[in-house]
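Remarks on the overall topology
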Amino acid sequence: MISAPRGTRDILPAESWQWAFIVRTASQVMDSFGFREIHLPVFEHTELFARGVGETTDIVEKEMYTFNDRGGRSITLRPEATAGVMRCAIENNLCVQGASAKLWNWGPMFRHERPQKGRYRQFYQIDAECLGIAGPMADVEIISLSLELFRRLGLKNLEVVINSVGCEKCRPVYRQKLIDYFSAHKESLCETCLDRLERNPLRILDCKKEECGKIADGAPDIFDSLCPECREHFAQVRAGLERLGFPYRLSKRLVRGLDYYTKTAYEILSGNLGAQNAVAGGGRYDNLASAIGGGKIPGVGFACGLDRVALVMEEQGCSFGEAPAVQVYCAALDEASRGDVQVLTHELRKAGISAECDTAGRSFKVQMRNAGNCRFACIIGESERENGSVAVKDMKEGSQESVAVSEAVRYIQDRV
Ligand code: ATP
Ligand code: MG
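Below: a short report on this structure. A quick note: this is a predicted structure, and the numbers were derived from the prediction, not measured.

Rules behind the numbers
- Chains are numbered independently. Their residues run from 1 in the order of the written sequence.
- Ligands are numbered from 1 and chains lettered from A, in the order in which they are written.
- In keeping with the predicted nature of the model, local features appear solely for residues at pLDDT of at least 70, side-chain atom pairs appear and are counted solely at 80 or more, and the whole-chain, interface and lining totals rest on all residues.
- Hydrogens and water are ignored here; the side-chain numbers use all heavy atoms of the structure.
- Here an axis means a line fitted to C-alpha atoms, over the contact stretch when the element is a helix, while the angle between two N-to-C directions is reported on a 0 to 180 degree scale.
- Secondary structure elements are taken from DSSP: a helix is a run of H or I of four residues or more, a strand is a run of E of two residues or more, and numbering for both begins at the N terminus.
- Under this scheme an angle from 65 to 115 degrees is roughly perpendicular, one under 35 degrees roughly parallel, and one over 145 degrees roughly antiparallel; angles in between are oblique.
- The contact criterion used throughout is that any non-hydrogen atoms of two residues lie within 4.5 Å.
- Amino acid classes used here: Ala, Val, Leu, Ile, Met, Phe, Trp, Tyr, Cys and Pro are nonpolar; Asp, Glu, Lys and Arg are charged; the rest, including Gly, are polar.
- Take the number of residues in a helix, subtract one, and multiply by 1.5 Å to get its expected span.
- Accessibility here uses a 1.4 Å probe with only protein chains present; expressed as a share of the type maximum, an area under 20% marks a residue as buried, one over 50% as exposed, and anything in between as partly exposed.
- What the arc covers is the set of directions going from the helix axis to the C-beta atoms.
- Distances are taken per atom, and a residue is near a molecule or strand as soon as one of its heavy atoms is within 4 Å of it.
- What qualifies as a polar contact is a pair of N or O atoms within 3.5 Å, subject to a donor-acceptor requirement within protein and to the restriction that residues adjacent in sequence count only when both atoms come from side chains.
- Surface accessibility follows the Shrake-Rupley procedure with a 1.4 Å probe radius. Residue values consider only the protein chains on display as shielding.
- Only buried residues count toward a nonpolar core, which is a set of Ala, Val, Leu, Ile, Met, Phe, Trp, Tyr and Cys residues joined through side-chain atoms within 4.5 Å.
- Put simply, two rings from Phe, Tyr or Trp (the six-membered ring, in Trp's case) pair if the centres are within 6.5 Å, and we call them stacked under 30 degrees between planes, edge-to-face over 60, tilted for the rest.
- Geometrically, a lysine NZ or arginine CZ counts as sitting over a ring once it is within 6 Å of the ring centre and also within 35 degrees of the ring normal.

Moving on, we get to the packing of helix H1 (residues 13-32) against helix H11 (residues 306-315). Close contact between H1 and H11 brings their axes to 10 Å; oriented N to C, the two are set at 110°. Taken together, H1 and H11 sit at an angle that is classed as roughly perpendicular. Between H1, through Gln18, Trp19, Phe21, Ile22 and Val23, and H11, the contact on the second element is made entirely by Leu306, Asp307, Val309, Ala310, Met313 and Glu314. Split by residue class, the contact of H1 with H11 holds eight nonpolar, one polar and two charged.

Put into structure tokens, the structure is as follows:
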């Protein structure tokens with residue numbers, strides 16, 4: 001038996017209609033905010049992520065699915081969407097001469113992580129990016145967009161956590177402060193954090209280990225190092241959130257795993273997920289475009305974990321709308337009626353009514369059992385064939401009526 005690779009899973013019909021509801025809702029929310037959908041490749045040149053996400057990040061160092069293709073080029077299955085969206089905007093000149101672009105997409109991402117609840121190697125994200133706008137109102141729009149999505153999905157007990165990670169002017173100063181601070185606490189840091197100390201000290205703030213966390217709590221506050229521009233930007237973002245009535249918590253330890261972030265970083269946490277508690281994360285990335293060779297295009301965006309959102313919705317008993325059901329089941333009483341039954345099914349479908357019939361030669365009894373989930377059953381047997389009629393059974397009421405074949409579609413249309 002060949003099984004699916006570790007960290008991947010099959011999304012079967014029992015779950016896939018819930019996913020469809022989430023994506024449909026996302027699509028409506030994106031439309032209502034003026035974001036347009038794009039479709040991107042799931043693999044890109046490795047360089048895009050190495051340069052865009054950052055060489056010293058966990059994603060690039062440990063988590064990417066990278067291989068040489070048959071032409072000897074290094075290819076990577078996308079671990080996240082933002083770098084690809086920016087590549088797309090640069091390549092298609094979407095942000096030339098001050099133009100901005102509001103884009104969204106959804107699909108699978110790939111990271112070689114240790115699989116656990118809410119953490120998979122192939123997982124799905126809904127992603128929105130606002131490119132070409134440097135001001136803080138765009139940050140507020142993005143946070144507001146993600147919260148509106150969760151509001152419409154009915155998610156409860158969410159917490160918005162925000163921070164500013166500064167910019168290329170003020171971060172080096174802060175970085176040095178962190179190196180000095182953590183160097184004095186080397187003995188309490190884990191292996192990974194010791195390794196991060198010189199290369200990416202900001203990531204120590206994000207360490208989930210208890211000992212490192214305690215040290216990180218005492219680390220210098222980035223807020224004290226922000227340059228006037230970053231400080232003002234952050235104040236504006238906070239004021240914007242307050243105007244819209246969104247509560248948030250400030251966390252100096254929120255740095256996010258990707259190097260391209262500048263200024264605003266945020267996460268939306270759910271109390272229902274245990275250790276994997278982030279349902280969405282995002283922020284501003286004004287240096288991403290130049291890191292991948294595309295000049296100066298500021299951007300802000302977020303990615304929401306579809307797998308985790310579905311998990312939380314299930315646990316919180318949120319509604320996924322109506323489960324899909326076929327309206328009419330057409331059943332044949334005898335062998336000779338099967339052809340007429342398929343024709344009637346076809347006519348109903350053409351009229352926009354969902355309909356099914358048996359194609360496996362099953363008995364009338366089994367057909368009627370399957371009809372149990374439908375609103376109506378249309379039954380054809382010998383006598384119906386003889387007088388050109390259909391027996392229409394109301395599966396809710398149990399009542400039955402004889403209707404002329406030519407009238408059957410209209411009869412059902414009037415009642416569903
Ligand atoms: P975490 O801290 O949980 O590892 P992250 O910071 O690596 O998350 P992002 O890169 O910000 O995650 O991705 C945005 C969202 O995608 C996360 O908030 C989460 O909901 C989801 N996500 C990230 N990695 C995974 C994964 N391996 N499996 C399922 N969902 C994931
Ligand atoms: Mg991660």
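Now that the structure has been shown, the text picks up again.
Right, let's talk about helix H12 (residues 338-350) for a bit. Taking 1.5 Å per residue, 13 residues should reach 18 Å; H12 reaches 19 Å between its end C-alpha atoms and fits that length. Turning to H12, its buried residues are Val341, Leu344, Thr345 and Leu348. Down the axis of H12, the smallest arc covering the buried residues is 105°, so these residues share one side. In this fold, the buried residues of H12 make contact with strand E12 (328-332), strand E13 (355-357), strand E14 (376-380), strand E15 (389-394) and helix H15 (405-413). Of the residues one or two after H12, glycine 352 is the one with positive phi, at around 85°.

Around ligand 1 sit 17 residues in total, of which Arg111, Glu113, Arg119, Arg256 and Ala278 are the nearest. Between ligand 1 and arginine 111, the relevant distance is 2.8 Å, taken from an oxygen atom to a side-chain nitrogen or oxygen of the residue. Taking glutamine 125, its side chain carries an N or O atom lying 3.0 Å from an oxygen atom of ligand 1. Isolated, ligand 1 exposes 590 Å² of accessible area, and the fraction of that covered by the protein chains is 90%. Broken down by secondary-structure element, the contributors of at least two residues to the shell around ligand 1 are strand E6 (122-131), strand E10 (278-284) and strand E11 (299-305). The dominant element in the shell around ligand 1, judged by the number of residues it contributes, is E10, at four residues. The residue makeup of the shell around ligand 1, split by class, is seven nonpolar, four polar and six charged.

Turning our attention to the nonpolar core. Here is a general trend for soluble globular proteins: nonpolar side chains tend to be buried in one another's company. Counting 53 residues, the largest nonpolar core has Met86, Leu131, Phe182 and Leu205 as its most contacted members. Sorting elements by how many residues they give to this core places helix H4 (residues 82-91) first, with five residues. Setting aside anything within four residues of it in sequence, one finds phenylalanine 182 in contact with Leu189, Leu197, Pro201, Ile204, Leu205, Ile215, Ala216 and Ala219. One finds Met30, Phe33, Ile143 and Val312 within the second-largest nonpolar core, a separate group that totals 45 residues.

Here the focus is the packing of aromatic side chains. A complete count under the given rule lists five aromatic pairs for this structure. Ring geometry for tryptophan 17 against phenylalanine 320: centres 6.1 Å apart, planes inclined by 70°, an arrangement best described as edge-to-face. Linking tryptophan 17 in helix H1 with phenylalanine 320 in the loop between H11 and E12, this pair joins segments that are 303 residues apart in sequence. On the basis of relative accessibility, which here comes to 22%, the residue tryptophan 17 falls in the partly exposed class. Exposure remark for phenylalanine 320: the relative accessible area of 6% places this residue in the buried category. Relative to phenylalanine 234, the ring of phenylalanine 223 has its centre 6.1 Å away and its plane inclined at 55°; by these criteria the two rings are tilted. Here phenylalanine 234 lies in helix H9 (residues 228-244) and phenylalanine 223 lies in the loop between helix H8 (210-217) and H9, a separation of 11 residues in the sequence. Assessed through its relative accessible area of 29%, phenylalanine 223 is described here as partly exposed. Its relative accessible area of 4% is what places phenylalanine 234 among the buried residues. Counting every residue linked through ring pairs, the aromatic cluster contains Trp17, Phe21 and Phe320. A cation over a ring is seen here: arginine 375 above phenylalanine 376, with NZ or CZ 4.7 Å from the ring centre. The lysine or arginine in question, arginine 415, covers the ring of tyrosine 411, its NZ or CZ lying 3.6 Å from the ring centre.

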